[in-house]
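# Structure at a glance
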Amino acid sequence: MHIDWAALGSVFGVSLAVTVGLVGLFTLGIVGLSRQGTAGGGEAGASAAGGTTALARTGAYLCFALCAAAVAYGIYLIVA
């Protein structure tokens, strides 16, 4: 039996990089959802916090959508 160690190492490296990337992306999504408008002190602070919260929530949804797309692509590769 012959083992192609270079190919095995390549698969390991790509798997590790994609796993770390997906975990990081999912973590960014969770952090984006956990953002709360903590800026107080009047209407100007409330509107700025509302914009920041909306931007963080949109970024979180984008991170989750990218995670779902990566998982769907992985399932596609397995099935096809």
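This text gives an overview of the structure that appears in the document. (Residues numbered from 1 in each chain as written. Predicted model: local features only at pLDDT ≥ 70, side-chain atom pairs only at ≥ 80, totals over all residues. Heavy atoms only, no water.)

## A closer look at the overall build of the chain
Helix and strand counts for the chain stand at two helices and zero strands. As presented, the chain carries roughly 6100 Å² of accessible surface, and 74% of it is formed by carbon and sulfur atoms. (Helix = DSSP H or I, 4+ residues; strand = E, 2+ residues; numbered from the N terminus. Areas by Shrake-Rupley, 256 points an atom, 1.4 Å probe, with all protein chains shown as cover.)

## Overview of a nonpolar patch on the surface
Judged by side-chain polarity, M1, I3, W5 and L8 come together as a nonpolar surface patch covering roughly 560 Å² of accessible area. Looking at the element boundaries, L8 is found in helix 1 (residues 5-34). (Patch = residues over 30% accessible without salt bridge, like charges linked within 9 Å, V, L, I, M, F, W, Y side chains within 5 Å. Salt bridge = Lys/Arg side-chain N within 4 Å of Asp/Glu carboxyl O.)

## Things to note about the environment of A56
When you line up the elements, A56 lands in helix 2 (residues 43-79). Excluding residues that lie within four positions of it along the chain, A56 makes contacts with G32 and R35. (Contact = heavy atoms within 4.5 Å.)

## Looking at the state of the cysteines
Enumeration over the complete set of coordinates arrives at zero disulfides. Cysteine C63 remains unbridged, with the sulfur of C67 as its closest cysteine sulfur at 6.9 Å. Taking relative accessible area as the criterion, C67 reaches 9% and is therefore assigned buried. (Disulfide = S-S within 2.5 Å. Buried < 20%, exposed > 50% of the residue type's maximum accessible area, 1.4 Å probe, protein only.)

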